[in-house]
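Listed here are the chains, written in short residue letters.
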Amino acid sequence: MDYSELQSTVLDWLNRPDLTNAVVGFIADAEARLNRDTRLGGLTVNVPFTINADALALPDDLRAINSWSYDGTTYYGEIE
């Protein structure tokens, strides 16, 4: 779906032709809210990485860390 199809779908769902000019703002507001909400499970990504120093640079787009786990040869499990 491209942006114009999204606008059309939102207008169809609203069933309010008088809100045509407001659709862009509605979409921007929804996108901003979804980007702020770290609880959205559909946006969760599991990323394995190795810590091999005292400090580790995290990605700029990292929003939250929900859990840590250790996957080693002698121990496996969540880190508290």
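Remember, predicted model here, so these are calculated numbers, not experimental data. (Residues numbered from 1 in each chain as written. Predicted model: local features only at pLDDT ≥ 70, side-chain atom pairs only at ≥ 80, totals over all residues. Heavy atoms only, no water.)

Participant: Go over the overall build of the chain, please, and point to the residues and values.
Facilitator: Helix and strand counts for the chain come out as two helices and two strands. When the helices and strands of the chain are placed in sequence order, the string is α-α-β-β. The C-alpha radius of gyration computed for the chain amounts to 20 Å, which surpasses the reference 12 Å derived for 80 residues by more than 25%, pointing to a less compact arrangement than a globule. Across its three principal directions, the C-alpha atoms of the chain cover 65 × 20 × 20 Å. (Helix = DSSP H or I, 4+ residues; strand = E, 2+ residues; numbered from the N terminus. Rg over C-alpha atoms; globule rule 2.2 N^0.38 Å.)

Participant: Lay out the environment of Pro 48 in plain terms, naming residues and giving numbers.
Facilitator: Its place among the elements puts Pro 48 in the loop between helix H2 (23-36) and strand S1 (68-71). Residue classification places Pro 48 among the exposed residues on the basis of a relative accessible area of 76%. Residues Pro 48 and Asp 71, 23 residues apart in the sequence, show an inter-C-alpha distance of 9.4 Å. (Buried < 20%, exposed > 50% of the residue type's maximum accessible area, 1.4 Å probe, protein only.)

Participant: Residues and numbers for the packing of helix H1 (residues 3-14) against H2, please.
Facilitator: One way to put it is that H1 packs onto H2 with a least axis distance of 10 Å and a crossing angle of 100 degrees. Of the possible angle classes, the one that applies to H1 and H2 is roughly perpendicular. Between H1 and H2, the contacting residues are Tyr 3, Leu 6, Gln 7, Val 10, Leu 11 and Leu 14 on the first element and Val 23, Val 24, Phe 26 and Ile 27 on the second. Of the residues contributing to the contact of H1 with H2, the split by class is nine nonpolar, one polar and no charged. (Axes fitted to C-alpha atoms, helices over the stretch in contact; angles between N-to-C directions. Parallel < 35°, antiparallel > 145°, perpendicular 65-115°, else oblique. Contact = heavy atoms within 4.5 Å. Nonpolar A, V, L, I, M, F, W, Y, C, P; charged D, E, K, R; others polar.)

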